[in-house]
Amino acid sequence: MDQIKMVDLNRQYKRLQKDIDASMAEVLEQTAFINGPAVKSFQSNLENYLGVKHVIPCANGTDALQIALMALGLQPGDEVITSTFTFIATVEVIALLKLKPVLVDVDPSTFTLLPNEVEEAVTDKTKAIIPVHLFGQGADMSAIMKIANKHNLAVVEDTAQAIGSDYSLNDTKLKLGTIGNIGCTSFFPSKNLGCFGDGGACFTNNDELAAMMRMIVNHGSRKKYYHQVIGVNSRLDTLQAAVLDVKLKHLDDFNNRRRVAADYYDQKLGDLEGLDIPVRDAASRHTFHQYTLKVKDGKRDALQAFLKEKGIPSMVYYPVSLHQQEAFEAYCENNQSLPISEDLSREVLSLPMHTELDEGQLKYITQSIIDFFKP
Ligand SMILES: *Cc1c(COP(=O)(O)O)cnc(C)c1O
């Protein structure tokens, strides 16, 4: 049996190596490393894949979130409601722009924003909501869009973990990231669509927001050396675009392979007492960026140690909710308690999940977990 990894990028590369190497060699030949033809090509292929009017490539997923918030023209002190149970980038950019992060709790079964808590957090300073489609599954976008429409708020979807996921909104099938005003994603190597370094993108169907974001990523400029707004330097590398353009053709296959592994885990672990397998929301087709268990009775750390002994890696996403992070002490309400996320931090355990898991590995992983609970 091959060594089990959380994410096996090497085996995936080997499988696609011929096409990826050829695509990268073309960039080296052209030496158009900044904004070369592959960037445009990938942009337009991703627009088609997502069914969205505009994709604005940028340097990474954190930048994508920052650029989205800049494009909305938010002012210091404006409040942005988001999840406390996410990767730090989501909240970091809010604070960096001197906006106020308002962190709310998550649904204990889907790990995504609780719409009623979002509604309760709305004040007359609230300007935007950032739902995070955590672990590959959509936040409750029907409810969130209703709240946003009612209070005239912008919605920026953090789609870094859910690219390619289908979501049913009023019987229409849409890709996550194309429902709110702006969607943001990351092409970090371990994401469902990952490049060989950093990369990211914003999506929108709104022409004005797209034009603004294209300016912002390019130093606030439309015409060289003429600057309309304060921007940033955030570009997707041509070499990364060349890799992504090849991998995009495989994204549905990648997501299917993840689902096959998740189905196997579900089947073997579903009846086990002492843990909960991930809940699948009917509106959202899970793409399993992570396969995350909830381990009951305080046994999470013991299970993780047991698996490690057997050569099986696992990860805790996330051990500390963002409202409890030292960095945000000055930004969040003092003594704020968000008990669901705090419980989740003690219970969650993500199992190896990638496109190359084989049946032997899955069998070994699941049998080891069964052995832990039924020695
Ligand atoms: C990965 C990730 C990001 C940031 O992406 P980078 O490309 O690493 O900057 C933002 N939000 C979430 C939820 C993520 O998982």
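Residues numbered from 1 in each chain as written. Predicted model: local features only at pLDDT ≥ 70, side-chain atom pairs only at ≥ 80, totals over all residues. Heavy atoms only, no water.

What follows deals with empty space enclosed by the protein. Going through the model one piece at a time under the given rule, you end up with four cavities of 30 Å³ or more. Its boundaries defined by the atoms lining it, the largest cavity holds a volume of some 90 Å³. (1 Å grid on protein atoms, 1.4 Å probe; cavity = no way out; pocket = protein on both sides within 12 Å on 5 of 7 lines; lining within 4 Å. Points joined across faces, edges and corners; volume = space filled by probe spheres on them.)

What follows is about the sheet that holds strand E14 (residues 348-351). Here we have three strands laid out as an open sheet, ordered E12-E13-E14, and antiparallel in their pairing. Both edges of this open sheet fall to strand E12 (275-276) and E14, since each of them pairs with a single strand only. Here helix H9 (residues 251-269) sits on the sheet in contact with E12, strand E13 (291-295) and E14, set at roughly 20° to E13. Where helix H10 (residues 300-309) meets the sheet, its contacts fall on E13 and E14, and the angle it forms with E14 comes to roughly 25°. (Pairing = 2+ DSSP bridges. Helix = DSSP H or I, 4+ residues; strand = E, 2+ residues; numbered from the N terminus. Contact = heavy atoms within 4.5 Å. Axes fitted to C-alpha atoms, helices over the stretch in contact; angles between N-to-C directions.)

Within the largest apolar cluster, 35 residues are counted, with the highest numbers of intra-cluster contacts made by Tyr265, Leu269 and Ile369. Of all elements in the fold, only H9, E13, H10, E14 and helix H12 (359-373) reach the threshold of two or more residues within this core. Of all the elements, H12 adds the most residues to this core, at six residues. Two domains each donate at least three residues to this core, and these are domain 1 (9-104 + 111-248) and domain 2 (251-373). In contact with Ile369, not counting residues within four places along its chain, are Leu269, Leu272, Leu275, Leu293, Leu303, Leu307 and Leu351. Listed in part, the 27 residues of the second largest apolar core include Ala201, Leu239, Leu244 and Val246. (Core = buried A, V, L, I, M, F, W, Y, C linked by side-chain atoms within 4.5 Å. Buried < 20%, exposed > 50% of the residue type's maximum accessible area, 1.4 Å probe, protein only. Domains from an automatic or database assignment.)

Neighbouring the ligand are 14 residues; Gly61, Thr62, Asp158, Ser186 and Lys191 lie closest to it. In the environment of the ligand, an oxygen atom lies 2.8 Å from a nitrogen or oxygen atom belonging to the backbone of Gly61. Gln161 has a polar side-chain atom sitting 2.8 Å from an oxygen atom of the ligand. Coverage of the ligand by the protein chains reaches 92% of its 380 Å² of free accessible surface. For the shell around the ligand, the secondary-structure elements that each account for two or more residues are helix H3 (61-71) and helix H4 (89-96). (Near = heavy atom within 4 Å. Polar contact = N/O pair within 3.5 Å; in protein donor to acceptor, adjacent residues only side chain to side chain. Areas by Shrake-Rupley, 256 points an atom, 1.4 Å probe, with all protein chains shown as cover.)

Let's shift gears to the environment of Leu114. Looking at where Leu114 falls in the secondary structure, it is placed in the loop between strand E3 (100-104) and helix H5 (115-121). Spatially, the C-alpha atom of Leu114 lies 7.9 Å from that of Asp140, the residues being 26 residues apart in sequence. Excluding its chain neighbours within four sequence positions, the residues that come into contact with Leu114 are Asp105, Val106, Asp107 and Ile340.

With that settled, the discussion passes to the sheet that holds strand E5 (residues 154-158). Taken together, seven strands build an open sheet; the order of strands is E1-E9-E8-E5-E4-E2-E3 and the sheet is mixed. On the outer flanks of this sheet lie strand E1 (54-58) and E3, each paired with one strand and no other. For this sheet, the mean angle separating the axes of adjacent strands, direction not counted, is 25°. Of the pairings in the sheet, the one linking E5 to strand E8 (residues 182-186) comprises three bridges and is parallel in character. Residue pairing across strands places Glu157 opposite Gly183, the latter belonging to E8. Lying on the sheet, helix H7 (residues 207-217) is in contact with E1, E8 and strand E9 (200-204); it crosses E1 at an angle near 15°.

Let us look at the domain arrangement of the chain. Under the domain assignment, the chain is made up of domain 1 (9-104 + 111-248) and domain 2 (251-373). Between domain 1 and domain 2, the C-alpha centre-to-centre distance is 24 Å. Taken residue by residue, the interface counts 41 residues in domain 1 and 40 residues in domain 2. Interface area, domain 1 with domain 2, both sides summed: about 3500 Å², of which 57% is carbon and sulfur. (Buried area = accessible area lost by both parts, 1.4 Å probe.)

Let's shift gears to the packing of aromatic side chains. The tally for this structure, following the rule as stated, stands at ten aromatic pairs. Centroid distance Phe372 to Phe373: 5.0 Å. Interplanar angle 90°. Geometry classified as edge-to-face. In this structure Phe372 comes out as buried when scored by relative accessible area, which is 18%. The buried category is assigned to Phe373, whose relative accessible area is 17%. Among the aromatic residues, ring-to-ring pairing joins Phe85, Phe111, Phe135, Tyr317 and Tyr318 into one connected group. One Lys or Arg, Lys223, reaches over the ring of Tyr226 and ends 4.5 Å from the middle of that ring. (Phe/Tyr/Trp six-rings, centres within 6.5 Å; stacked < 30°, edge-to-face > 60°. Lys NZ or Arg CZ within 6 Å of the ring centre and 35° of its normal.)

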